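Descriptive structure summary
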Amino acid sequence: MDGQQSRDPADAILGRAQVRIDGPAKVCGAAEFPGDFHPRDLAYGVLVTSPMARGRIVRMDTSVAQRSPGVLDILTYRNAGNAVAPVGHMMADGWANSTLRPLASSEIHYAGQIVAVVIAETLEQARAAALAIRIGYEGAPHVGGLGATGAVSEPLASLRAGYEDRHIGDFTGAIAGAVASINVAYTTPIQHHNPIELPDTTCVWNGDTLIVYEPTRFIGAARNGLAAQLGIDPAKVRVIARFIGGHFGAKLGLSQHTVFAAIAARRVQRPVRIVVSRRDNFTIANHRTETHHAIRLGADADGRFVALSHTATTATSRFDTFAMEGTDVSTALYACANIASEERVARVDRNTPGPMRAPPEVPYLFALECAVDELAHAMRIDPVALRRRNDTATDPVTGHPFTTRPLMRCFDAGAAAFGWERRSARPGETRDGRWRIGHGCAAAARPAKIGPAIIRVHQTSDGIVHVQTAHHEIGNGLYTLLAMVASERLGVPLGRINVELGDTALPAAGISGGSSTTTTLVNALAEACRQLRAQPSDRARSVEVAFTPPGAEPSAIDDLKKGHLKLMSTPKDRLAWSFGAHFIEVGVHSDTGEVRVRRHVGAFAAGRIINPLTTRNQLLGGMIWGQSAALFEGTIVDPATGAYLNRDLAEYLVPTAADIGEMTAIMVEDEDQAVNPEGVKGLGEIGIIGVNAAVANAVFNATGRRIRHLPIRVEQML
């Protein structure tokens, strides 16, 4: 065989930059994304959605549409209402991104709800027929968002059994005795995923076996959830998604439309692809909900925090209990003896929200890190120095220690690269012609996650290594990462390693999310390679490892095989976090109010780095998205109808290359021997956290204006 032993340390692969092994296939069009599959006799489906937020259908005339050229079938609540069994939400031991069954009745629960599915010979024929359907609605009062009339929040504990807000000490007394304090409110908007690849679904029946091609980031959930909806054995469902064209929270588990592709394919007895439009993606997929925050922060004369209160309100749908909370991070980031937090949630008439890159930390640390900057300015203390005075080695509420705490080393590395010492503390003092220049900083922090996975490694008699697991390549370089681990641990050249992903026919793996992919699979594959090396090397050899993190429930692998989400943080008695620090220079034009990020330095400590090349890509991508969240993105709800007004890339703003200035991503060493055997923490999300706060703080430094509502737009500067 070709190399049975580990390489000499001088020849180590892990930790060195490696180009993507799947790069040539992607740039040459050979990489197979779900939408690239075109079976013979493929029919096409399009969605018809409700224009109103709440009410019911009182009339539906499909006669003209049914007679339209090429139409094969039309699904409505009249003929498909009982065809879909209910399933639970993925975040509540279910599989779906929303428990709503949109064709179960004539009831309308939110604007954009699916009310019909048209199947035709061609996509154009399906679209034309969909426009011919005539529907009458009877409306009902609706609540479009947190600020809408009728929006009423309640404690998160009333929706989620076992949830407890974080408290310690005497906040009321401490804030009253603080030498300096602030009491401020912040809001963040609704934001929607807009990946280039939309979540089209193709379903093919081979007898009683269903094959599904869909870009989902948890094919196990899609498989098991779809089987439950259809009332069939999960073994009769195969889901394939070898490459995914971006998600970072989108494409969560089982989508609402997937089952209709399967039902339609069975009814018309041919393959069916449901094509999801950009506008439909705003309403049938999950989104980041808006958030409201009230922060009270007090300090003593030396700038040490003595009191912190964080009350946060988010929104969820009327039919799910899913809500994203984040005060566990905001109240553990800095030392403080007196803390009070409260999480609240309001029911609104929209689809269920869901994860979006660093789901809680992006809005929650926006509020906290802006508040820290406000207090620093009020006390005339440098913002970095104020954070240093309040650094902590333990969670101030639980007392649990951090496995590592490199936050201030991130600030030091970022400040040095940025030239922070040249910053003027006086707002509006620095100018470049008609541009007012400002500098701001903010911290980033996120708990590390890990989950169970099954991975198979086979080495043939001539030394070729095959690595197989049903995980997902979302553009993060997973094919390359797994090949690097196998290469180093087995002593086999990269060119002799084949990695297979994205197929439920492979050993079960978990979700691509929570920055858990690398932490989970590197540890699982390392153990598989260790076991493989223990076998005789003079013949073909194989091993299949069911990896569970230390402290996982005994049922973790069985739950994984059933498609349930089982992420956790380890070790349970310590906090294992990734950290970062952002430094931003903005220019605000004196005449037009235009805001531009001119320079952005981010320094990050996220455990062991496997591939510095793809790591840098991940960090820069997160930093750019953070700028987008600060200056561009925000979904607008029509108060009259409850519908989203900017459901396309013409009106939902995202940055282009011309909007991005000088970018620098720095990797700070973070050797963590306690987080997991391989010391990996994951870094897919740490790059975006804190950017919005750093931008807002820089805008204040440039103009003297505190912008507490995102996104920051020209009209707020005039």
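As a convention, each chain's residues are numbered from 1 in the sequence order in which they are written. Totals for whole chains, interfaces and linings use all residues, but because this is a predicted model, local features are given only for residues with pLDDT of at least 70 and pairs of side-chain atoms are given and counted only at 80 or more. For side-chain calculations, the full set of non-hydrogen atoms in the structure is used, while hydrogens and water are omitted.

Starting at the N terminus, helices and strands are each numbered in turn, a helix being any DSSP run of H or I of at least four residues and a strand any DSSP run of E of at least two. Check the secondary structure of the protein and you find 18 helices and 27 strands. Computed over C-alpha atoms, the radius of gyration of the protein comes to 26 Å, within 12% of the 27 Å expected from 2.2 N^0.38 for 718 residues, which places it in the range of a compact globule. C-alpha extents for the protein along the principal axes are approximately 75 × 75 × 50 Å. Each residue's exposure class comes from its accessible area (1.4 Å probe, protein chains only) as a fraction of the maximum for that residue type: buried when under 20%, exposed when over 50%, partly exposed otherwise. When the 718 residues of the protein are sorted by exposure, 61% land in the buried category. Two residues qualify as a contact provided that any one of their heavy atoms is within 4.5 Å of a heavy atom in the partner residue. Within the protein, counting contacts between residues at least 6 apart in sequence, those at least 24 apart form 82% of the total. The size measure is the radius of gyration over C-alpha atoms, and the globule rule it meets is 2.2 Å times the number of residues to the 0.38 power.

Residues with a pLDDT of 70 or more make up 98% of the protein, whose mean pLDDT is 96. Within a predicted model, pLDDT stands for the predictor's per-residue confidence, ranging from 0 to 100. pLDDT under 50 marks residues 1-7. Its contacts with residues more than four places away, or in other chains, come to 31 contacts.

With that out of the way, let us pick up the pairing of strand β20 (residues 435-447). With respect to burial, β20 is a largely interior element, twelve of its 13 residues being buried. Strand pairing is defined by DSSP finding a minimum of two bridges between the two strands. Sheet topology places strand β19 (residues 430-432) next to β20; three bridges connect them, and they run antiparallel. Counted as the bridge partner of D432 is W435 from β20. In this structure, the hairpin formed by β19 and β20 is closed by a connection of two residues, where G433 is found at a positive phi of approximately 65 degrees.

In contact at an axis separation of 10 Å, helix α6 (residues 219-230) and helix α7 (residues 258-268) are set at 55 degrees when each is read in the N-to-C sense. Classified by the interaxial angle, the pair formed by α6 and α7 is oblique. Read as a crossing pair, α6 and α7 show a hand that is right-handed. Touching L226, Q229 and L230 of α6 are T258, V259, A262, I263 and R266, all from α7. Put simply, Ala, Val, Leu, Ile, Met, Phe, Trp, Tyr, Cys and Pro go in the nonpolar bin, Asp, Glu, Lys and Arg in the charged bin, and everything else, Gly too, in the polar bin. Tallied by class, residues from the contact of α6 with α7 come to five nonpolar, two polar and one charged. Working convention: axes come from line fits to C-alpha atoms, limited for helices to the stretch in contact. Angles between N-to-C directions cover 0 to 180 degrees. Each angle is binned into one of four classes, with values under 35 degrees roughly parallel, values over 145 roughly antiparallel, values of 65 to 115 roughly perpendicular, and all other values oblique. Working rule for handedness: look at the near helix, and if it is turned counterclockwise from the far one by less than a right angle, call the crossing left-handed; if clockwise, right-handed.

What follows deals with the sheet that holds strand β6 (residues 134-139). Strand order in this open sheet of three strands is β4-β2-β6, and the pairing throughout is antiparallel. Looking at which strands have only one partner, the edges of the open sheet turn out to be β4 (107-108) and β6. When strand β2 (residues 55-61) meets β6, the two strands line up antiparallel, connected through six bridges. Bridge pairing in β6 places R59 opposite G136.

This part is about the nonpolar core. Counting 86 residues, the largest nonpolar core has L333, F583, V695 and I712 as the members making the most contacts within it. Considering every element that reaches this core, the biggest residue donor is helix α10 (residues 361-379), with eleven residues. Leave out the neighbours within four places in its chain, and V695 touches I584, V586, V597, A630, L631 and I712. Take the buried Ala, Val, Leu, Ile, Met, Phe, Trp, Tyr and Cys residues and link them wherever side-chain atoms come within 4.5 Å; each set so joined is a nonpolar core.

Tracing the chain through its elements places S309 in strand β17 (residues 305-317). The residues contacting S309, other than those within four sequence positions of it, are F171, A294, I295, R296 and A340.

Working definition: a ring pair exists when centres of Phe, Tyr or Trp rings (six-membered ring for Trp) sit within 6.5 Å. Plane angles under 30 degrees give stacked, over 60 give edge-to-face, the rest tilted. A full pass over the atoms with the stated rule returns 15 aromatic pairs. Look at F33 and F243: their rings are 5.6 Å apart centre to centre, the planes differ by 35 degrees, and that puts the pair in the tilted class. Of this pair, F33 sits in the loop between α1 (23-27) and β1 (43-49) while F243 sits in the loop between β13 (237-240) and α7, and the two are 210 residues apart along the sequence. Overall, the relative accessible area of 23% leaves F33 in the partly exposed class. An aromatic cluster of three or more residues is present, and its members are F411, F418, W420 and F583. Here the guanidinium or amino end of R357 rests over the ring plane of F248, the centre of that ring lying 3.7 Å away. In this scheme, the term charge over a ring applies when either NZ of a lysine or CZ of an arginine sits within 6 Å of the ring centre and within 35 degrees of the ring normal.

Now for the sheet that holds strand β24 (residues 541-547). Pairing is mixed in the open sheet, where four strands are placed in the order β23-β22-β21-β24. Unpaired on one side and paired on the other, β23 (497-500) and β24 mark the two borders of the sheet. Recorded for the sheet is a direction-independent mean angle of 15 degrees between the axes of neighbouring strands. Across four bridges, strand β21 (residues 453-459) lies against strand β22 (residues 465-468) in antiparallel orientation. The partner of V457 across the bridge, within β22, is V467.

Summarising burial for α7: nine of the eleven residues are buried, a large majority. Where α7 is buried, its residues contact β3 (71-75), β5 (114-120), β11 (201-206), β12 (209-213), α6 and β14 (272-274). Where α7 ends, the next residue or the one after it, Q269, has phi of about 60 degrees, a positive value.

Let us now look at the packing of helix α16 (residues 612-631) against helix α17 (residues 691-703). Relative orientation of the contacting elements α16 and α17 amounts to 55 degrees, with a least axis distance of 8 Å. Between α16 and α17, the crossing angle belongs to the class labelled oblique. Relative to α17, α16 is oriented so that their crossing is right-handed. Taking contact as the criterion, the partners of M623, G626, Q627, A630 and L631 in α16 are, on α17, V691, N692 and V695. Residues that form the contact of α16 with α17 fall into these classes: five nonpolar, three polar and no charged.

For side chains of opposite charge, pairing can occur when their charged atoms come near one another. The term salt bridge refers to a side-chain nitrogen of Lys or Arg lying within 4 Å of a carboxyl oxygen of Asp or Glu. A full pass over the atoms with the stated rule returns 41 salt bridges. When the shortest N-O distance is used, the salt bridge between D670 and K681 registers 2.8 Å. Of this pair, D670 sits in the loop between β27 (662-667) and α17 while K681 sits in the loop between β27 and α17; the two residues are eleven residues apart in sequence, bridging distant segments of the chain. For K681, a relative accessible area of 1% puts it in the buried group. Each of E32, R238, R242 and D503 takes part in a single network of salt bridges with overlapping partners.

It is worth spelling out the environment of R134 at this point. Inspection of the secondary structure puts R134 in strand β6. Note on R134: relative accessible area 52%, which makes it exposed. Sequence separation between R134 and R59 is 75 residues, and the spatial gap between their C-alpha atoms is 7.8 Å. Non-local contacts of R134, meaning those with residues more than four positions away in its chain, are made with R59, M60 and D61.

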